[in-house]
Amino acid sequence: MTVIGFGDGAGADAVTIEGSLSVEIDRSATDISYAEYLRKRGHILPDGGAE
């Protein structure tokens, strides 16, 4: 992956990162609605009322 930053000045920076990481996920995928996702994240209350 290469990231390059530039601006209005005369300079620019570039960084290249190489590598890998082995990751194993042992959980099954579950389909939920967007409303349920918001409830699980705490953005809306489970009963729909005010605190």
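Residue numbers restart at each chain and count upward from 1, following the sequence in its written direction. A pLDDT threshold of at least 70 governs which residues receive local features in this predicted model, and a stricter bar of 80 or more applies before side-chain atom pairs are shown or counted, although totals over entire chains, interfaces and linings include all residues. Based on all heavy atoms of the structure, the side-chain values leave hydrogens and waters out of the count.

Participant: I'd like a rundown of the overall build of the chain, residues and numbers included.
Facilitator: Secondary structure summary: the chain contains one helix and two strands in total. Secondary structure of the chain in N-to-C order comes out as β-β-α. The buried label goes to any residue with under 20% of its type's maximum accessible area, the exposed label to any with over 50%, and the partly exposed label to all in between, with areas taken from a 1.4 Å probe on protein chains only. A buried classification covers 2% of the 51 residues belonging to the chain. Summed over its atoms, the accessible surface of the chain is roughly 5300 Å², and 51% of this surface lies on carbon and sulfur atoms. Helix numbering and strand numbering both begin at the N terminus, where a helix is a DSSP run of H or I of at least 4 residues and a strand a DSSP run of E of at least 2. Using a 1.4 Å probe, accessible areas were evaluated by the Shrake-Rupley method; residue-level cover was limited to the displayed protein chains.

Participant: I'd like a rundown of the packing of aromatic side chains, residues and numbers included.
Facilitator: Stacked, edge-to-face and tilted labels apply to pairs of Phe, Tyr and Trp rings (six-membered ring for Trp) whose centres lie within 6.5 Å, assigned for plane angles under 30 degrees, over 60, and everything in between, in that order. Counted by the stated rule, this structure contains one aromatic pair. Relative to Y37, the ring of Y34 has its centre 6.0 Å away and its plane inclined at 25°; by these criteria the two rings are stacked. Within this pair, Y34 and its partner Y37 are both found in helix α1 (residues 34-41), separated by three residues, close to a single helical turn.

Participant: A description of the pairing of strand β1 (residues 2-6) should follow, citing residues and the corresponding values.
Facilitator: On a regular strand, each side chain points to the face opposite its neighbour's, so the side chains alternate between the two faces of the sheet. Pairing of β1 with strand β2 (residues 12-16), which is carried by five bridges, proceeds in the antiparallel orientation. Residue pairing across strands places F6 opposite A12, the latter belonging to β2. Remark: five residues form the turn of the hairpin made by β1 and β2, two consecutive strands paired antiparallel. Any two strands with at least two DSSP-identified bridges between them are counted as paired.

Participant: I'd love a proper account of a nonpolar patch on the surface, names of residues and values included.
Facilitator: To count toward a patch, a residue needs a relative accessible area over 30% and no salt bridge; like charges are then connected within 9 Å, while nonpolar side chains (Val, Leu, Ile, Met, Phe, Trp, Tyr) are connected within 5 Å. Salt bridges are defined by distance alone: a side-chain nitrogen of Lys or Arg within 4 Å of a carboxyl oxygen of Asp or Glu. Taken together, M1, V3, V15 and I17 make up a surface patch of nonpolar side chains, about 410 Å² in accessible area. Turning to its location among the elements, V3 is positioned in strand β1.

As far as function goes, none of this settles anything; it's purely spatial.
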